[in-house]
Amino acid sequence: MMEIKEQEEREPEEDFTGVAFKDPMWLAAFPLNQYTALDYFALSQFYDHKCNNEIIKMQRLDLSLLKTLKGVEYTIIHARDPILFVVRKQFRRSQEDVVPKATYYILNGTIYQSPNLFNIFNARLVF
C-alpha cells in the first residue's frame, strides 16, 4: 500500500487547462459557498474519486480526520463567497507535510484548472 501512495505522489497531473466545467442545475439548486464548493468541485472531471475526501465522505466521517490520512486530498485555500474559490489538490505525507499537485479555481460557478508556472513561462517565451 505504501508503494502505491508513493507512486501517486510522483505522478504528474493531467493537463486540463483548456477545459472548463459548469453545472447550471446544481448551481440553481444549491448556493455556492465555502461549505458547498468542494461538493460542487467533486462533480467535475478534475476530481479524483479515489482521494481521501471521497473516503471520508463515503464512510460518513468528520472532515477534520482528513489531516490524519496520507494521500491525495482537496482543500479550499481561498474563498470569496460566492464568486471565487481556489481549490488545491495536494498529496499529504503527514499531518504537517503536504505537496501541492494542482490548483483549480471556481469563478462564478465555472471550474478551471490553473496553469502551472512552467506553462506560463513557456507561453511567454514563445512570443
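I will try to describe carefully the structure that is included in this document. Chains are numbered independently. Their residues run from 1 in the order of the written sequence. Reporting in this predicted model follows two pLDDT cut-offs: at least 70 for local features of residues, and 80 or more for side-chain atom pairs to be given and counted; totals over whole chains, interfaces and linings ignore these cut-offs and use all residues. Each side-chain value is derived from all of the structure's non-hydrogen atoms; neither hydrogens nor water enter the calculation.

Re the environment of Ile 83
What counts, and what does not: Every helix listed is a DSSP run of H or I at least four residues long, and every strand listed is a run of E at least two residues long, numbered separately from the N terminus. Buried, partly exposed and exposed residues are distinguished by accessible area as a fraction of the type maximum, computed with a 1.4 Å probe on protein chains only: under 20%, between the cut-offs, and over 50%, respectively. Should any heavy atoms of two residues lie within 4.5 Å, those residues are considered in contact.
Here Ile 83 lies in the loop between β2 (71–80) and β3 (84–92). Accessibility expressed as a relative area gives 44% for Ile 83, which makes it partly exposed. As for Ile 83 and Leu 107, which are separated by 24 residues in sequence, their C-alpha atoms are 5.7 Å apart. Residues in contact with Ile 83, not counting those within four places in the same chain, are Ile 106, Leu 107 and Asn 108.

Quick look at the sheet that holds strand β1 (residues 20–21)
Let me state the cut-off plainly: Pairs of strands are assigned from DSSP output, requiring at least two bridges between the strands.
An order of β1-β5-β4-β3-β2 is seen for the five strands of this open sheet, with the pairing classed as antiparallel. Each edge of the sheet is formed by a strand with only one pairing partner; in this case those strands are β1 and β2. Here β1 runs beside strand β5 (residues 110–113); their pairing, made up of two bridges, is antiparallel. If you follow Ala 20 over to β5, its bridge partner there is Tyr 112.

Side note on the packing of aromatic side chains
The line we're drawing: Classification of ring pairs uses Phe, Tyr and Trp, with its six-membered ring standing for Trp, and accepts pairs whose centres are within 6.5 Å; under 30 degrees between planes counts as stacked, over 60 as edge-to-face, and the remaining range as tilted.
Evaluated as defined, the whole model comprises 11 aromatic pairs. Considering the side-chain rings of Phe 41 and Phe 46, the 6.4 Å spacing of their centres and the 15 degrees angle between planes classify their relative orientation as stacked. For the pair formed by Phe 41 and Phe 46, the shared burial category is buried. An angle of 40 degrees between the planes, with centres 5.3 Å apart, marks the rings of Phe 46 and Tyr 104 as tilted. One end of the pair, Phe 46, is in the loop between α3 (37–41) and α4 (52–58); the other, Tyr 104, is in strand β4 (residues 98–107), and 58 residues separate them in sequence. Judged by relative accessible area, which is 4%, Phe 46 ranks as buried. For Tyr 104, a relative accessible area of 2% gives the class buried. Members of the aromatic cluster, each reached through a chain of ring pairs, are Phe 16, Phe 41, Phe 46, Tyr 47, Tyr 74 and Tyr 104.

A word on the pattern of salt bridges
We apply this condition: Salt bridge, as used here, is a side-chain nitrogen of Lys or Arg placed within 4 Å of a carboxyl oxygen of Asp or Glu.
Within this structure, the stated rule accounts for three salt bridges. Between Glu 73 and Arg 92 there is a salt bridge, with its nearest N and O atoms 2.9 Å apart. In this pair, Glu 73 sits in strand β2 while Arg 92 sits in strand β3, placing the two residues 19 residues apart along the sequence. The two residues Glu 73 and Arg 92 agree in class, both being buried. For Arg 93, the salt bridge is made with Asp 97, and the minimal N-O distance between the two is 3.5 Å. On the accessibility criterion, Arg 93 (38% relative accessible area) is partly exposed. Overall, the relative accessible area of 31% leaves Asp 97 in the partly exposed class.

Everything listed is a geometric property; what it means functionally is a separate question.
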